[in-house]
Amino acid sequence: QVRLVESGGGLVQPGGSLRLSCAASRFSFSSFAMSWYRQAPGKERELVAAITSGGGMTNYADSVKGRFTISRDNAKNTVYLQMNSLKPEDTAVYSCNARRVVTGGTYDYWGQGTQVTVSS
């Protein structure tokens, strides 16, 4: 059984910062690309940030570039999302994703999500 558990969400004022964590267990964490998605009420789920299995490449949505940073610590089986200069439009449920592509198909796992609310 693969398990991903997010933490670090909460209520923050505009301009504030928050760090999300995603702890993984029961699979080869270092073999998976990791990413953060978010979904706001009435909107489709969107990719926020992604990082390759070795941490050598990252990618961000245009809306968060320069404000968010994704990182991973393979020794701790954990991926992080540092969020700075938060805006009300960042309010959403943030979910952690693990993906590994092999010859037989794609392995894709999700956490339950953590709520981030940006409000004054």
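Residues numbered from 1 in each chain as written. Predicted model: local features only at pLDDT ≥ 70, side-chain atom pairs only at ≥ 80, totals over all residues. Heavy atoms only, no water.

A. Layout of the sheet that holds strand E3 (residues 18-25). The antiparallel open sheet is built from four strands, whose spatial order is E1-E3-E8-E7. One side of each edge strand has no neighbouring strand; the edge strands of this open sheet are strand E1 (3-7) and strand E7 (68-73). Taking each pair of neighbouring strands and ignoring which way they run, the sheet shows an average axis angle of 15°. Where E7 meets strand E8 (residues 78-83), six bridges bridge the pair, whose relative direction is antiparallel. Bridging across to E8, Ser71 finds its partner in Tyr80. (Pairing = 2+ DSSP bridges. Helix = DSSP H or I, 4+ residues; strand = E, 2+ residues; numbered from the N terminus. Axes fitted to C-alpha atoms, helices over the stretch in contact; angles between N-to-C directions.)

B. Highlighting unusual backbone geometry. Phi is positive for Asn77, which is not a glycine, with a value near 50°. Take Asn77: it is sitting in the loop between E7 and E8. Among the residues examined, Asn77 registers a relative accessible area of 23% and is labelled partly exposed. One non-glycine residue, Ser85, adopts positive backbone phi at about 50°. Secondary-structure assignment places Ser85 in the loop between E8 and strand E9 (92-102). (Buried < 20%, exposed > 50% of the residue type's maximum accessible area, 1.4 Å probe, protein only.)

C. Layout of the pattern of salt bridges. Under the defined criterion, the tally for this structure stands at five salt bridges. Arg99 is paired through a salt bridge with Asp108; the nearest N and O atoms lie 3.0 Å apart. Several salt bridges converge on common partners, so that one network encompasses Arg38, Glu46, Arg67 and Asp90. (Salt bridge = Lys/Arg side-chain N within 4 Å of Asp/Glu carboxyl O.)

D. View of the state of the cysteines. Using the criterion set out here, one finds one disulfide in the structure. The residue that forms a disulfide with Cys22 is Cys96, at a sulfur-sulfur distance of 2.2 Å. Across the S-S bond linking Cys22 and Cys96, the dihedral sits near -85°, which makes this disulfide left-handed. A residue pair is termed long-range when its members are at least 10 positions apart, and Cys22 in strand E3 and Cys96 in strand E9 qualify at 74 residues. Using a relative accessible area of 0% as the deciding quantity, one classes Cys22 as buried. (Disulfide = S-S within 2.5 Å.)

E. Structural context of the environment of Gly56. For Gly56, the location among the structural elements is in the loop between strand E5 (46-51) and strand E6 (58-60). For the pair Gly56 and Glu89, spaced 33 residues apart in the sequence, the C-alpha separation amounts to 29 Å.

F. Structural context of the side chain of Asp90. With respect to the element layout, Asp90 can be found in the loop between E8 and E9. In terms of polar contacts, Asp90 uses its side chain to reach the backbone amide nitrogen of Lys87, at 2.8 Å. If we skip the residues at most four places from it in the chain, Asp90 touches Arg38, Arg67, Phe68, Ser85, Val116 and Val118. (Polar contact = N/O pair within 3.5 Å; in protein donor to acceptor, adjacent residues only side chain to side chain. Contact = heavy atoms within 4.5 Å.)

G. Spotlight on the pairing of strand E4 (residues 33-39). Burial runs high along E4: five of the seven residues are buried. As judged from the seven bridges shared by E4 and E9, these two strands associate in the antiparallel manner. Residue Trp36 lies in a different strand from E9, and its bridge partner there is Cys96. Looking at chain direction, E4 and E5 are connected through five bridges and run antiparallel. Bridge pairing in E5 links Ser35 to Ala50. Once E4 ends, the chain turns through six residues before running back antiparallel as E5, passing Gly42 with a positive phi of about 80°.

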